[in-house]
Amino acid sequence: MTVNVVLRGIRVIDPLAGRDQVDMDVWLRSGRIEAIERRIRTDQAPTLDLARAPGLPEVVLCPGFIDLHTHLREPGGEAAETVQSGAEAAAVGGFTQVVAMANTRPAIDTPERLADSRRRARLAPVRVLSAAALTLGLRGRDMVDTAACAAAGAAAFTDDGRNAAPTRLLAEALRAAAEVDRVVLVHPEDEAMVTAANPDVPSVMRCPHRPPDCEVVAVEQALRALTQAGRGRLHLQHLSCAGSLELLRTARELDFPVTAEVTPHHLSMWLPFEREPDPPSLRKVNPPLRTEQDRRALVEGLREGLIDAVATDHAPHPAEDKVGDYADTAPGMIGLETALATCLTLGGMGGEWLPTLVERLTAGPWRVLGAAAGLREPRLRLGQPCSFVLFDPEEEWEVGAEPLRSRSGNTPLLGVRLRGRVLLTVHEGTIAHLSPALELPGLTAIPSA
Ligand code: DOR
């Protein structure tokens, strides 16, 4: 499919360029942005008037979103998600670059497995980067060969899903990752404390009781490891409680090289739920949803920039892993397709905070990983293939009314009406997603050869 159209009356946001302009015209041709101007008059392309009545939020064009935290389940969990299905879900959500976590079966913990991951990513409709595990099998005992994994294409190192590495080993890993200019992504939950809080549950990952202190103590330990390492960059994944933010604030004031992310679900949901989802385990996630007070602290942290990025922690699970005894069910929810709308509608990032949200979905995550990781700079570039997303912050839709692209449907948002819809996602010049709601004149299907 190719496209040739002038979009009239839209808002253009490009955080790295310091650009935020309303009522602009954008000429899209063959997956490229030909021009962005106040008024484009050309007889070479039809015009699609997207202008809104004064006072109403405009349709937005911005660089493609980056997700630092996606579970694609390949290899070993293909019933829940594949690289292809996950990348399609990403495109529906406006993401053109995602970082796949290493807790697959087997874990991505050798250069060979990394190379296999890179091969699987090649045909995906968006850019899929691979994180390598930090320790073999995520067991927290032996470090992976960081130099060889980086050479094989590891974008970052993480045992996400687990946090079994002791402080000493984490310090060593931070140093080793620094040698190859990579970030260490840490899932901050103290496993000994989690196990102690759930004496009857054999799997630390499935333990349902995970008090906030489990996170706060793990954040403290990770910061201690960073101090011991004396170098390296630490990124704290899916922060969920106010106590962690206080530690992060102090570390930032002391100029620690530490960054952090928050998920759309921790920004938008808290316990107890007014109406439990069915089954209740649809809201089971690690770390758990916490109080309204924690949620507000996270929203404030994201708005002020203490938290650098929104990351989905898209965690697909087959339906059978979400039924039965709550303590036995798998933790996690899908999030790629709902991330933008969740943040806009329920996560405190709509209205005047929309440009900040765009920053935290583009430039923010790009800065976290750094140039060496292999991410493309999220910028709107004229006249060359680039990655961008067009979204309508006002369009309402019901989650699940149209089939989700993910192979799994584990989200407590099923049936919920959200505002904010991705209309078009272009990945490096190629249309990766086009919403049926957007009728583009000048759109032609190229007959396959
Ligand atoms: O709830 C979660 N599920 N949290 C994680 O950190 C891992 C994830 C998964 O892999 O299912």
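The preceding data block contains the structure.
Each value, and the rule that gives it
- Once a new chain begins, its residue numbering starts again from 1 and follows that chain's sequence as written.
- With the structure being a predicted model, the display of local features is reserved for residues of pLDDT at least 70 and the display and counting of side-chain atom pairs for 80 or more, all residues being used for whole-chain, interface and lining totals.
- As a convention, hydrogens and water are excluded, and side-chain values are obtained from all of the structure's heavy atoms.
- In this text, near means that some heavy atom of the residue lies within 4 Å of the molecule or strand in question.
- Nitrogen and oxygen atoms within 3.5 Å of one another constitute a polar contact, given that in protein one can donate a hydrogen and the other can accept it, and given that sequence-neighbouring residues count only through two side-chain atoms.
- All accessible-area figures derive from a Shrake-Rupley calculation using a 1.4 Å probe, and residue coverage is judged against the displayed protein chains alone.
- Between N-to-C directions, angles span 0 to 180 degrees; the directions come from axes that are lines fitted to C-alpha atoms, helices contributing only their stretch in contact.
- Labels follow the DSSP assignment, with helices taken as runs of H or I lasting at least four residues and strands as runs of E lasting at least two, numbered in each case from the N terminus.
- Convention used here: angles under 35 degrees read as roughly parallel, angles over 145 as roughly antiparallel, angles from 65 to 115 as roughly perpendicular, and any remaining angle as oblique.
- For a crossing to be left-handed, the near helix must be turned anticlockwise from the far one by less than a right angle; the clockwise case is right-handed.
- Two residues form a contact once any of their heavy atoms are found within 4.5 Å.
- Amino acids are sorted into nonpolar (Ala, Val, Leu, Ile, Met, Phe, Trp, Tyr, Cys and Pro), charged (Asp, Glu, Lys and Arg) and polar (every other residue, Gly among them).
- Expected span of a helix, by definition, is 1.5 Å for each gap between consecutive residues, and there is one gap fewer than residues.
- Exposure is judged per residue with a 1.4 Å probe applied to protein chains only, and the accessible area is read against the type maximum: over 50% gives exposed, under 20% gives buried, and values in between give partly exposed.

Colleague: Is there a simple way to explain the site of the ligand in this structure?
Modeller: Lining the immediate environment of the ligand, one finds 14 residues, of which Arg-73, Asn-103, His-187, Asn-286 and His-317 sit closest. The separation between an oxygen atom of the ligand and a polar side-chain atom of His-187 is 3.1 Å. Gly-332 is positioned with one of its backbone polar atoms (N or O) 3.3 Å from an oxygen atom of the ligand. Calculation on the ligand without its partners gives an accessible area of 290 Å², and the protein chains cover 95% of this total.

Colleague: Which parts of the structure should I look at to understand the packing of helix H4 (residues 167–179) against helix H6 (residues 212–229)?
Modeller: For any two helices packed against each other, one specifies the crossing angle of their axes together with the interaxial distance. H6 packs onto H4 with a crossing angle of 55° between their chain directions and a minimal axis gap of 8 Å. For the element pair H4 / H6, the angle class is oblique. As for the relative orientation of H4 and H6, their crossing is right-handed in sense. Of the residues in H6, those touching H4 at Thr-167, Arg-168, Leu-170, Ala-171, Leu-174 and Arg-175 are Gln-221, Ala-222, Arg-224, Ala-225, Leu-226, Gln-228 and Ala-229. Tallied by class, residues from the contact of H4 with H6 come to seven nonpolar, three polar and three charged.

Colleague: What am I meant to see in the environment of Glu-395 here?
Modeller: Relative to the elements of secondary structure, Glu-395 occurs in strand S14 (residues 388–398). In this structure the C-alpha to C-alpha distance between Glu-395 and Pro-75, which are 320 residues apart in sequence, comes to 36 Å.

Colleague: Where do I start with the packing of H6 against helix H7 (residues 242–253) in this structure?
Modeller: Between H6 and H7, the shortest axis-to-axis distance is 8 Å and the interhelical angle comes to 20°. It follows that H6 is roughly parallel to H7 by the angle criterion. The two elements H6 and H7 cross, and the hand of that crossing is right-handed. Contacts between H6 and H7 involve Glu-215, Val-216, Val-219, Glu-220 and Leu-223 on the former and, on the latter, Gly-243, Ser-244, Leu-247 and Ala-251.

Colleague: Sorry if this is basic, but what is going on with helix H9 (residues 292–304) here?
Modeller: Owing to its 3.6 residues per turn, the α-helix brings residues three or four apart onto one side. The end-to-end C-alpha distance of H9, which contains 13 residues, comes to 18 Å, matching closely the 18 Å that a straight helix rising 1.5 Å per residue would cover. Burial in H9 covers these residues: Glu-292, Asp-294, Arg-295, Leu-298, Val-299, Gly-301 and Leu-302. For H9, the secondary structure elements touched by its buried residues are H7, strand S12 (258–262), helix H8 (264–268), strand S13 (309–310) and helix H11 (354–361). Gly-305 lies just past H9 and shows a positive phi near 95°.

Remember, this is a structural readout, not a statement about activity or role.
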